[in-house]
Amino acid sequence: MKFLPFLLILMIFQSCSQVDTTAQEAAQADLQAELAAAQAKIVQLADAAEEQPGLIHSVFFWLKEDLSEADRAAFRAGVASLRAVSSVKNMYIGPVAPTEARGVVDNSYSIALLVHFADVAAQDAYQIDPIHLKFVEDHKDKWTKVVVYDSLVE
């Protein structure tokens, strides 16, 4: 009988540790299930993104020849401001490259702007975005010609 309290304490301790272990295993199983669901969602989103064609919006500007350096710098800054439009995925700006002259190459433009959008809807949103509209309003007097080519990316 002397060992009875000791045995009772031991039995209580064992049952408590089994409950804790069971609770920990259940919590771990829940976390693993949540992780698996999150990973599946990431794969699903990546697959969906790959299925959607992107769109490349290629814009070529012919700037007025009598523009001052300050006006040219303001124009470049205006073009760079278009990066802030939320629907823009990537954007590249640059002058004509000094590549070999060939009959199929048009190197008469001043500045090229290449904008990558996720889809046509993103490009449509860009067209009416206040940042884009402000750029056009602020700088339309600096060019003589603009040509745009929109291409789907497969």
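This one's a predicted model, so the numbers in the text were calculated from it and none came from an experiment.

Rules of the game
Residues numbered from 1 in each chain as written. Predicted model: local features only at pLDDT ≥ 70, side-chain atom pairs only at ≥ 80, totals over all residues. Heavy atoms only, no water. Pairing = 2+ DSSP bridges. Helix = DSSP H or I, 4+ residues; strand = E, 2+ residues; numbered from the N terminus. Axes fitted to C-alpha atoms, helices over the stretch in contact; angles between N-to-C directions. Parallel < 35°, antiparallel > 145°, perpendicular 65-115°, else oblique. Contact = heavy atoms within 4.5 Å. Nonpolar A, V, L, I, M, F, W, Y, C, P; charged D, E, K, R; others polar. Phe/Tyr/Trp six-rings, centres within 6.5 Å; stacked < 30°, edge-to-face > 60°. Buried < 20%, exposed > 50% of the residue type's maximum accessible area, 1.4 Å probe, protein only. Lys NZ or Arg CZ within 6 Å of the ring centre and 35° of its normal.

With that out of the way, let us pick up the sheet that holds strand β2 (residues 88–95). Spatially, the four strands line up as an open sheet ordered β2-β3-β1-β4, and their pairing is antiparallel. Each of the sheet's edge strands pairs with one partner strand only, and the pair in question is β2 and β4 (143–153). Strand-to-strand, the axes of this sheet are offset by a mean angle of 15°, without reference to chain direction. Pairing between β2 and strand β3 (residues 111–117): seven bridges, direction antiparallel.

Moving on to the packing of helix α3 (residues 120–128) against helix α4 (residues 130–139). Relative to each other, α3 and α4 sit at 50°, their axes nearing to 5 Å. Considering their axes alone, α3 and α4 lie oblique with respect to each other. Together, Tyr 126, Gln 127 and Ile 128 of α3 and Pro 130, His 132 and Leu 133 of α4 make up the contact between the two elements. Here the contact of α3 with α4 is built from residues that sort into four nonpolar, two polar and no charged.

Here we take up the packing of aromatic side chains. Overall, the coordinates contain 10 aromatic pairs when judged by the stated rule. Here the aromatic rings of Trp 62 and Tyr 109 are separated by 6.3 Å at their centres, their planes lie at 80°, and the arrangement is edge-to-face. Highlighted residues: Trp 62 in strand β1 (residues 54–63) and Tyr 109 in the loop between β2 and β3, separated in sequence by 47 residues. Tyr 109 carries the same exposure label as Trp 62, and that label is buried. Taking NZ or CZ as reference, Lys 145 lies 4.4 Å from the ring centre of Trp 62, over its face.

Nothing here speaks to function; it is geometry throughout.
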